[in-house]
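Architecture and fold: a report
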Amino acid sequence: MTFCHVPATPIGVPETVKRDLIDLAVLGGRPEFTEPVLVGRPSVGDRARFLERADRALVRRRLSNGGPMVREFEHRVAGRAGVRHCVATCNATLALQLVARAAGLRDDVVMPAMTFPATPHALSWIGIRPVFCDVDPVTGNLTAGTVRAALTPRTSGIVAVHLWGRPCAVPELEELAARRGIPLLVDAAHAFGVSRRGRPVGGSGAAEVFSFHATKVVTTFEGGAVVTDDGELAARVRAMASFGMDSSGQVRGPGINAKMSEAAAAMGLTSLEAFDVTVAGNLANYRTYARELAGLPGIRLMRHDEDERGNFQYVVIAVEGGAGLDRDTLATVLAAENVVTRAYFSPGCHRLPPYDGPGTPSLPHTDRLAGQVLALPTGPDVGVHDVRRICAVIRLAVAHAAALTTRPVVAPAG
Ligand code: T4K
């Protein structure tokens, strides 16, 4: 197998130990890593297997429109998600649009602002108004309570998000949606392969949507999927994803082109084969971060609950007041060491155009968290040894927080 974790630190290379403030690259020291260590590295699996599959598509000259590899990928995704139906798409943004239309959403839809802009953009692009709700101050996930506070007489649905792949409060949200008589859709872009109390992400609400973007735990280069137990909804989504045509090729209604290609499915099947290895590596990294950052003042790791089986593709910390330095300063310190982080998700979507304006709701928990969160490198190219070195830099930065916030810290170019 060639899809084991390939850490940035080659075996045998001695660990750099930064001890003093002046060792930090942001103040002129040598960068901890010679090559960038990144958030979001793709899990491509066994490249030979991918090339073999891609070649098969070329030989059979079946490149798109529901080819055999797309069908196999859908079957495997449905199996992992424990649902009856999966419609693979060219990305998750279009999948969200398709399922929103297929489920009859219109007017106002409640969703968290603590998410990637794709969640609101997908809906607002098709004329639906995102109404943002706040989130739990600790987990960053929406709750039935925060949704309830944002409902309007025009609310036609709820779009929940499993933020960073940790399942949100689905049973409470399902109950709320049922009581209001509106559909619950779930943006599960981060949560492929995740389960809570044995219930896999995928079968909640009317439908859930996965992303298989390059940065996700399973990738199809670009890709997504709608998963559901509702056969009629799945058939509507499938038709809409192919110009409104049913399986006989007759146009039955509105549609667009959101199909997944065979090349994408070839990647997806190969990446899926690596899923368990990828998650095992991510879990080892997550546990190392948890151990190495434990007790560090003001650095709070976003934890997975004991009853969850995560995919651990996002390791996120909140840089709180006790750290003595803010998130952006820490990100700059890390960037100078060649540690590339991402402020997922900052600012909250309610602060972004076109949503920011006179009617922007006050979402204090979202605003606070958005100013604190930082996604740290993990994934197939990052090993526990790299994580230990990253954590050593974080510890040093926190230990010298006062000096770092008074001295000029220069952001590295690029
Ligand atoms: N809903 C939610 C909650 C989402 O988070 C997303 C997407 C969606 C819906 C929509 O899904 P899709 O329509 O995309 O299927 C990335 C992704 O582009 C985006 O898919 C993802 N969420 C979001 C959280 O992250 P950026 O702008 O942060 O990506 P970028 O280019 O800055 O790359 C991030 C890191 O990944 C860097 O360290 C570089 C590394 N990378 C990236 C790519 C593309 C690689 O190593 N290789 C690569 O090929 O948005």
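Just above, that's the structure.
Below is a short write-up of the structure.

Rules used throughout
- Residues numbered from 1 in each chain as written.
- Predicted model: local features only at pLDDT ≥ 70, side-chain atom pairs only at ≥ 80, totals over all residues.
- Heavy atoms only, no water.
- Helix = DSSP H or I, 4+ residues; strand = E, 2+ residues; numbered from the N terminus.
- Rg over C-alpha atoms; globule rule 2.2 N^0.38 Å.
- Buried < 20%, exposed > 50% of the residue type's maximum accessible area, 1.4 Å probe, protein only.
- Contact = heavy atoms within 4.5 Å.
- Areas by Shrake-Rupley, 256 points an atom, 1.4 Å probe, with all protein chains shown as cover.
- Lys, Arg positive; Asp, Glu negative; His and termini not counted.
- Charge placed at Lys NZ, Arg CZ, Asp CG, Glu CD.
- Pairing = 2+ DSSP bridges.
- Expected span 1.5 Å × (residues − 1).
- Polar contact = N/O pair within 3.5 Å; in protein donor to acceptor, adjacent residues only side chain to side chain.
- Core = buried A, V, L, I, M, F, W, Y, C linked by side-chain atoms within 4.5 Å.
- Axes fitted to C-alpha atoms, helices over the stretch in contact; angles between N-to-C directions.

**Remarks on the overall build of the chain**
Helices and strands together make up the secondary structure of the chain, namely 13 helices and 15 strands. Compactness check: the chain gives a C-alpha radius of gyration of 22 Å against a globular reference of 22 Å for 414 residues, within 12% of the reference. Projected onto its principal axes, the C-alpha coordinates of the chain cover approximately 70 × 55 × 40 Å. Within the span of the chain, comprising 414 residues, buried residues form 54% of the whole. Intrachain contacts of the chain at a sequence separation of at least 6 include 72% that bridge at least 24 residues. Only carbon and sulfur atoms are counted for the fraction: they give 55% of the accessible area of the chain, which is about 17,700 Å². Within the chain, the 40 negative side-chain charges are centred at a point lying 3 Å from the centre of the 44 positive side-chain charges.

**Details of the sheet that holds strand β12 (residues 308–309)**
The antiparallel open sheet is built from three strands, whose spatial order is β8-β7-β12. Where the open sheet ends on each side, the last strands, each with one partner, are β8 (199–200) and β12. Here strand β7 (residues 195–196) runs beside β8; their pairing, made up of two bridges, is antiparallel. Across the sheet, S195 pairs through a bridge with P200, a residue of β8.

**Side note on helix α12 (residues 384–399)**
A turn of α-helix holds 3.6 residues, and therefore any two residues three or four places apart point the same way. A rise of 1.5 Å per residue sets the reference length of α12, with its 16 residues, at 22 Å; its end C-alpha atoms lie 22 Å apart and thus fit the reference within 8%. Regarding α12, the residues found buried are H385, D386, V387, R389, I390, C391, V393, I394, L396, A397 and V398.

**Things to note about the side chain of N141**
Of note, N141 is situated in the loop between β4 (129–133) and α5 (144–150). For N141, a relative accessible area of 5% translates into the label buried. Separated by 3.0 Å, the side chain of N141 and the backbone nitrogen of L163 make a polar contact. The residues touching N141, leaving out its near neighbours within four places in the chain, are V135, D136, V161, H162, L163, R166, P167 and C168.

**Structural notes on the nonpolar core**
Within the largest apolar cluster, 70 residues are counted, with the highest numbers of intra-cluster contacts made by F73, I299, L330 and I394. Among the elements that line this core, the one with the most residues is α12, at eight residues.

**Concerning the sheet that holds β4**
The strand order across the open sheet built from seven strands is β2-β10-β9-β6-β5-β3-β4, with neighbouring strands paired in mixed fashion. Sheet topology places β2 (85–89) and β4 at the edges, where each strand pairs with a single neighbour. The average angle at which neighbouring strand axes cross in this sheet is 25°, direction not considered. In the packing of helix α6 (residues 170–180) onto the sheet, the strands contacted are β5 (155–161) and β6 (184–187), and the crossing angle to β5 comes to about 170°. The strands touched by helix α7 (residues 231–240) within the sheet are β2, β9 (207–211) and β10 (224–228), with β2 carrying the most contacts at an inclination of about 15°.

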